[in-house]
Amino acid sequence: NQGVAPVTYGQGDRPPRGDYARARADYTCEQDWAAYSEAEHALYRRLYERQAAQLPGLACEEFIEAVQHLGAPEQIPRFDSLSEQLHRTTGWEVVAVPGLIPEEAFFKLLSQRRFPVTQWIRRPDEFDYVVEPDLFHDLFGHVPLLFNPVFADYMQAYGAGGLKASGLNACELLARLYWYTVEFGLIATPQGVRAYGAGILSSAGELPHSVRVAQPKHVPFDLLRVMRTRYKIDAYQETYFVIDSFQQLFEATAPDFAPLYEQVRGLPEIEAGVVLPHEAPPRVLA
Ligand code: PHE
């Protein structure tokens, strides 16, 4: 019962990248901060600065405000000190993992308010694109919003929901919700649509693409619609789902999903990139 990235363990036939021999039974490991090279700290800084520079006007305010918690970008942050701050604010912690972990282990950590961050950072030749999530994606993309109380609660609820979905053989459906919110979600603000998904916020190319892409590829968030929708992991998304607020997301996902999974199984899937007729904005007559 393997789902799809980012909650998959490895991709295709390849084993996941990372040193699993050092991991504990719950898949966490030491960050081993002292082992990062100067070149790795410098690469983190280049990634951080490129991304921080394009946040205004593209990222939501909650993210922009929270990103400062990551501290000065000169060095890769120490997970311990990040955890101390996070714990004081929302009760979350950051834990190191060797890389992708099995989905049950992933759900369990989230349900305990422990966010797994990959211990290794990408190579310099992967500056623009890395196949598996690395430290930069996990940290820069995911950690800032864990400082937001409502989003923090959503992430824990997702973890608990994942453990439940495992028993209902529904991980693939639940993974779609993760994909279209936690990784590639957009949020409507008075200033316009902004990004809150980590896959967008850690990508230099997809951040402007997702926010400025032509209408009608921004679809209002609808839980059933999201769960029916397949996704592509190897290209920019063509459709993005837009929430009105984190509170809306939290409330929409609070009910028991068991009957919803049954409902979704009885309906046809929707291909990635498809916009349904009623979702397109009315055409402006010349
Ligand atoms: N309400 C969901 C369930 O019953 C749990 C959940 C909450 C899942 C939030 C995802 C996000 O399974």
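Residues numbered from 1 in each chain as written. Predicted model: local features only at pLDDT ≥ 70, side-chain atom pairs only at ≥ 80, totals over all residues. Heavy atoms only, no water.

All residues in the neighbourhood of the ligand are listed as Tyr154, Ala157, Tyr158, Gly161, Lys164, Leu174, Leu177, Thr253, Ala254, Pro255, Asp256 and Phe257. Between the ligand and the protein, one listed contact pairs a nitrogen atom with a backbone N or O atom of Thr253 at 2.7 Å. A distance of 3.0 Å separates an oxygen atom of the ligand from a polar backbone atom of Phe257. Summarising the interface, the protein chains cover 93% of the accessible area of the ligand, which totals 320 Å² for the free molecule. Only helix H6 (149–167) and helix H7 (171–183) provide two or more residues apiece to the shell around the ligand. It is H6 that contributes the most residues to the shell around the ligand, five residues altogether. (Near = heavy atom within 4 Å. Polar contact = N/O pair within 3.5 Å; in protein donor to acceptor, adjacent residues only side chain to side chain. Areas by Shrake-Rupley, 256 points an atom, 1.4 Å probe, with all protein chains shown as cover. Helix = DSSP H or I, 4+ residues; strand = E, 2+ residues; numbered from the N terminus.)

Tallied over the entire structure, the rule returns 20 salt bridges. Here Glu126 ties to Arg17 by a salt bridge, and the two come within 2.8 Å at their closest N and O atoms. Placement of the pair is Glu126 in the loop between strand S2 (114–118) and helix H5 (135–142) and Arg17 in the segment before helix H1 (38–53), with a sequence separation of 109 residues. One salt-bridge network, in which partners are shared between bridges, spans Glu172, Arg176, Arg230, Glu269 and Glu271. (Salt bridge = Lys/Arg side-chain N within 4 Å of Asp/Glu carboxyl O.)

Strand pairing in a sheet is mediated by backbone hydrogen bonds. Such pairs are either parallel or antiparallel. On the basis of which strands lie adjacent, the open sheet formed by four strands has the order S4-S3-S6-S5 and mixed pairing. Both edges of this open sheet fall to strand S4 (192–195) and strand S5 (218–220), since each of them pairs with a single strand only. Each strand of the sheet is rotated relative to its neighbour by a mean of 40 degrees, with strand direction disregarded. Bridging between S5 and strand S6 (residues 240–243) involves three bridges; their strand directions are parallel. For Pro220, the partnering residue across the bridge sits in S6 and is Val242. (Pairing = 2+ DSSP bridges. Axes fitted to C-alpha atoms, helices over the stretch in contact; angles between N-to-C directions.)

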